[in-house]
Amino acid sequence: MTAYIIRRLLIMPLIMFGVTILIFSMLQILGPVERSALYVRDIPKTQSQVDAIIRRYGLDEPIHVQYWNWMTGQIDPETGERIGGVLRGDLGFSRTGREPVIDMLKRRFPATLELALWAMIPIIAGGIWMGIKAALNHNKLFDQVVRVFATIGWSFPTFVFALLLLLIAVRLDWLQIGRLSTEYTLLVSRPGFTQYTGMMTIDSLLNLRFDVFVDALRHLVLPVVTLAVVQWALLLRVTRSSMLEEMRQDYVRTARAKGLYEKTVVNRHIRRNALIPVITIAGGTLAGLMNGVVVTEVIFNYPGLGQMAAAAAVQLDVLTMLGFALFNGILFIFAYLIVDIMYVVIDPRIRLS
């Protein structure tokens, strides 16, 4: 198992290198003049200002030199200081948020992480449990009902379902959009409230403010339900199909012929093998939710990464969009590393290989 994990860790730098190459190539679509406007807060007014920015940031250098400077930064010929560099945490300046892109990502990431973690509870618990239950009751009433709801949930457009929930929220006073009510937003910004993680439900409990916790939950209900319905339907269908496939295998018939209880056959044999493809889907789902589901966050005015990406796209904020894309790529790399490690835990055959 240790050797397997080490091999996966050794591959990660190569994958991350490929991601940076892809992001940098997207930036090269723009010419030196267009890119010069991305590195300053004010758009240059004269040609001499444009030429000065191109020379300062080496935008007319060979492509491999530009990539190296983009990754590690470069020496400013005017001040002698090293500027820029993705590895130094400098992703450029966001015109959308009027702050560095890295600061914008740090500020909004806890909100999206909180939304993703709460959404994963019904997605994983409900999707896996109902998928297993439907497979064990194949072609019975429960299976038929679950399949209908899964088909509706998967085929229903996310933005339409979100708008329907928004209409319900208008009629029900306790379901609200945003992240916190105005009074609690002011409260958490005061010195007396310590933000340990940036996630309101956790920080409110750590500060023993249960009223803030309840208010944060009220604002999470609508986006969590929107995300959970679509992803729950996908996970349910994958779990059900995987369970049905495993139930037809020879080792299952052998286990039953040996006189094992049906509960033992399901829990110790069928379910464990059936969860292997489910883990892949669940890992990708969590990474996708943490990246921020753009439509959901925009409709419910939730201040996460998805809302940030949507605003940047509308305003053609190239550096913010590329920073978001780079963050997404790295996040998916780590998510599937965790999936590979979980494979080793569930499937002993991977350890033997």
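Up top is the structure these notes are about.
All residue numbers here refer to positions counted from 1 along the written sequence of the relevant chain. In keeping with the model being predicted, local features are shown solely for residues with a pLDDT of at least 70 and side-chain atom pairs are shown and tallied solely at 80 or more, while totals for entire chains, interfaces and linings include all residues. Side-chain numbers here rest on the full set of heavy atoms in the structure, without hydrogens or water.

A. Focus on the side chain of aspartate 143. Secondary structure elements follow DSSP: runs of H or I of four or more residues count as helices, runs of E of two or more count as strands, with numbering from the N terminus. Following the sequence through the fold, aspartate 143 ends up in helix H6 (residues 141-155). Working definition: with a 1.4 Å probe on protein chains only, accessible area under 20% of the residue-type maximum means buried, over 50% means exposed, and in between means partly exposed. A residue is classified by how much of its surface remains accessible, and aspartate 143, at 0% relative accessible area, is buried. With near-sequence residues (within four places) excluded, aspartate 143 lies in contact with Ala134, Asn137, His138 and Arg240. Note on contacts: a residue pair qualifies if any of its non-hydrogen atoms lie within 4.5 Å across the two residues.

B. How the structure looks around the packing of helix H5 (residues 101-136) against H6. Every axis in this analysis is a line fitted to C-alpha atoms, fitted for helices over the stretch in contact. Angles between the N-to-C directions lie between 0 and 180 degrees. It is at 8 Å that the axes of H5 and H6 come closest, and there the two elements cross at 135 degrees. One finds that H5 runs oblique with respect to H6. Crossing handedness for the pair H5 and H6: left-handed. On the side of H5, the interface is formed by Trp129, Met130, Lys133 and Ala134, while H6 contributes Phe142, Asp143 and Val146. Orientation categories follow fixed angle ranges, with anything under 35 degrees roughly parallel, anything over 145 roughly antiparallel, 65 to 115 roughly perpendicular, and all other angles oblique. Handedness of each helix crossing follows the sense of rotation of the near helix against the far helix: counterclockwise by less than a right angle gives left-handed, clockwise gives right-handed.

C. Representation of helix H1 (residues 2-27) within the structure. Helix span, expected: 1.5 Å multiplied by one less than the number of residues in the helix. The first and last C-alpha atoms of H1 sit 38 Å apart over 26 residues, in line with the 38 Å expected at 1.5 Å per residue. For H1, the full list of buried residues reads Tyr4, Met12, Val19, Thr20, Ile23, Phe24 and Leu27.

D. Seen up close, the packing of aromatic side chains. Side-chain rings of Phe, Tyr and Trp, where Trp is taken by its six-membered ring, are said to pair if the distance between their centres is within 6.5 Å; with planes under 30 degrees apart they count as stacked, over 60 as edge-to-face, and otherwise as tilted. Evaluated as defined, the whole model comprises six aromatic pairs. Measuring from ring centre to ring centre gives 5.5 Å for phenylalanine 24 and tyrosine 67, while their planes differ by 75 degrees; the resulting arrangement is edge-to-face. Here phenylalanine 24, found in helix H1, pairs with tyrosine 67, found in helix H4 (residues 63-72); they are 43 residues apart in sequence, far enough to count as distant. Ring centres 6.3 Å apart and planes at 40 degrees place the aromatic pair tyrosine 67 and tryptophan 70 in the tilted group. With tyrosine 67 and tryptophan 70 both in helix H4 and three residues apart, this pair spans about one turn of that helix. The class of tyrosine 67 is buried, set by a relative accessible area of 13%.

E. Focus on the environment of glutamine 74. Note on placement: glutamine 74 falls in strand S1 (residues 74-75). Judged by its relative accessible area of 12%, glutamine 74 is buried. Sequence separation of glutamine 74 and tyrosine 57 is 17 residues, and the distance between their C-alpha atoms is 7.5 Å. When residues no more than four places from it in sequence are discounted, the contact partners of glutamine 74 are Arg56, Tyr57, Gly58, Asn69, Glu81, Arg82 and Ile83.

F. Highlighting the pattern of salt bridges. By definition here, a salt bridge exists when the distance from a side-chain nitrogen of Lys or Arg to a carboxyl oxygen of Asp or Glu is within 4 Å. This model, assessed by the stated rule, comprises seven salt bridges. A salt bridge links arginine 107 to glutamate 99, with the shortest nitrogen-to-oxygen separation between them at 2.3 Å. Sharing partners across several salt bridges, the network here consists of Asp143, Arg147 and Arg240.

G. How the structure looks around the nonpolar core. To form a nonpolar core, buried Ala, Val, Leu, Ile, Met, Phe, Trp, Tyr and Cys residues must be joined to one another through side-chain atoms within 4.5 Å. Core analysis: the biggest nonpolar cluster contains 29 residues, and Leu115, Ala119, Ile123, Met243, Ile270 and Leu289 have the highest contact counts within it. If one sorts the elements of this core by residue count, H5 sits on top with ten residues. Those residues in contact with alanine 119 that sit more than four places away from it in its chain are Val224, Leu227, Ala228 and Leu289. In this structure, Ile23, Val86, Ala309 and Leu322 belong to the second largest nonpolar core, which totals 23 residues.

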